[in-house]
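Working through the structure, step by step
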Amino acid sequence: MTRSALTTPPPGAAPPEPLPGGPAPGSPLGPHYSHCFGCGPKQPTGLNLTASTPDGVTVTAEFVVGGVHQGAPGLAHGGVLATAMDEVIGMSIWLLRRPYVTGRLETDYLRPVSVGTTLHLRAWCTGVSGRKAYLEAEGRIGAPDGPVAVRAAALFIEVGMEHFAEHGDADAFLAEHHDYEVNP
Ligand SMILES: CCCCCCCC(=O)SCCNC(=O)CCNC(=O)[C@H](O)C(C)(C)COP(=O)(O)OP(=O)(O)OC[C@H]1O[C@@H](n2cnc3c(N)ncnc32)[C@H](O)[C@@H]1OP(=O)(O)O
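Named according to an unreviewed UniProt entry, the protein is Acyl-coenzyme A thioesterase THEM4 originating from Planomonospora corallina. Quoted verbatim from the Sequence similarities (unreviewed entry) field of UniProt, the annotation for the protein is "Belongs to the THEM4/THEM5 thioesterase family."

Written out as structure tokens, the structure is:
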């Protein structure tokens, strides 16, 4: 992975600890928003990723590449694979229950991914420094220890709820997260 300086945590940036009262290891994670293109069950044209966490800080998910995800005939579109990386990374930082958005996403494509492949995704945080979270992800073909097809590194930036209120629909988010603390 040719991770750039922009997605490499600075010295002293520690990875996060599991959130007290967070999801139990192995338990499935719900979508962060039901209409999300990546994980929303009410988004029929989306990726419909479902994920779980083995340890409260890592996220795993399976993505079955279908015909609707093609770029070249029979092969996954690179932008769709980047979307899957963005989503699983977003799910892993959402384990902290603070709102982050993608600032930068770097993707390496190491192997072609055929339609019909189950891509085993994994994402984790390598460090948090102020508002910046540094994250990585990988997608492996056919099994959790299969050959790596895609790798990603990302910088996510923590934002306030005003980001969604000003640019999007904060009420739609809060309607699905009654337990969410706006000012924790
Ligand atoms: C609640 C669950 C949500 C799940 C979301 C799922 C993931 C997504 O799809 S998010 C959608 C895609 N992303 C976006 O729409 C974000 C669009 N961008 C923005 O809104 C803004 O640029 C935003 C919020 C990232 C940063 O703006 P702002 O809050 O003004 O902060 P800003 O001062 O510019 O940057 C903060 C720091 O991050 C750095 N930074 C910001 N963007 C980048 C970038 N692209 N690359 C490198 N560094 C960056 C800045 O240099 C700055 O660093 P420092 O503190 O060292 O000076």
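Let's talk about helix α1 (residues 78-94)
Its 17 residues place the ends of α1 24 Å apart at the C-alpha level, agreeing with the 24 Å of an ideal helix rising 1.5 Å per residue. Among the 17 residues in α1, 12 count as buried, and that is most of the element. Of the residues making up α1, those classed as buried are Leu81, Thr83, Ala84, Met85, Asp86, Glu87, Val88, Ile89, Gly90, Met91, Ser92 and Ile93.

A short note on the pairing of strand β6 (residues 132-141)
Counting buried residues in β6 gives 7 out of 10 residues, a clear majority hidden from the surface. Of the pairings in the sheet, the one linking β6 to strand β7 (residues 148-158) comprises 9 bridges and is antiparallel in character. Following the sheet pairing, glutamate 138 is matched in β7 by arginine 151. Between β6 and β7, which pair antiparallel in sequence order, lie 6 residues; one of them, glycine 142, sits at a positive phi of approximately 80°.

Regarding the sheet that holds strand β5 (residues 118-129)
Strand order in the open sheet formed by 7 strands is β1-β2-β3-β5-β6-β7-β4, and the pairing between neighbours is antiparallel. Two strands bound the open sheet, and with one partner strand each, they are β1 (28-29) and β4 (100-109). Here β5 pairs with β6 via 10 bridges, running antiparallel. Paired with cysteine 125 across the two strands is leucine 135, which belongs to β6.

Concerning the site of the ligand
Neighbouring residues of the ligand: 15 residues in total, closest Gly90, Val101, Gly103, Arg104 and Ile157. Taken together, the elements giving at least two residues each to the shell around the ligand come down to α1, β4 and β7. For the shell around the ligand, the element with the highest residue contribution is β4, accounting for 4 residues.

A short note on the nonpolar core
The biggest cluster of nonpolar side chains holds 36 residues, and the ones touching the most others in it are Ala84, Val88, Ile89, Ala123 and Leu135. Every element with two or more residues in this core is listed here: β3 (59-64), α1, β5, β6 and β7. For this core, the element with the highest residue contribution is α1, accounting for 7 residues. Setting aside residues no more than four positions away along its own chain, alanine 84 makes contact with Leu47, Leu49, Phe63, Leu119, Leu121 and Gly139.

Reading guide: rules and limits
Residues numbered from 1 in each chain as written. Predicted model: local features only at pLDDT ≥ 70, side-chain atom pairs only at ≥ 80, totals over all residues. UniProt positions renumbered as here; feature names shortened; annotations may be inferred. Helix = DSSP H or I, 4+ residues; strand = E, 2+ residues; numbered from the N terminus. Expected span 1.5 Å × (residues − 1). Buried ≥ 20, exposed ≤ 12 C-beta atoms within 10 Å, placed from the backbone. Pairing = 2+ DSSP bridges. Near = placed C-beta within 6 Å. Core = buried A, V, L, I, M, F, W, Y, C linked by C-beta atoms within 7 Å. Contact = placed C-beta atoms within 7 Å.

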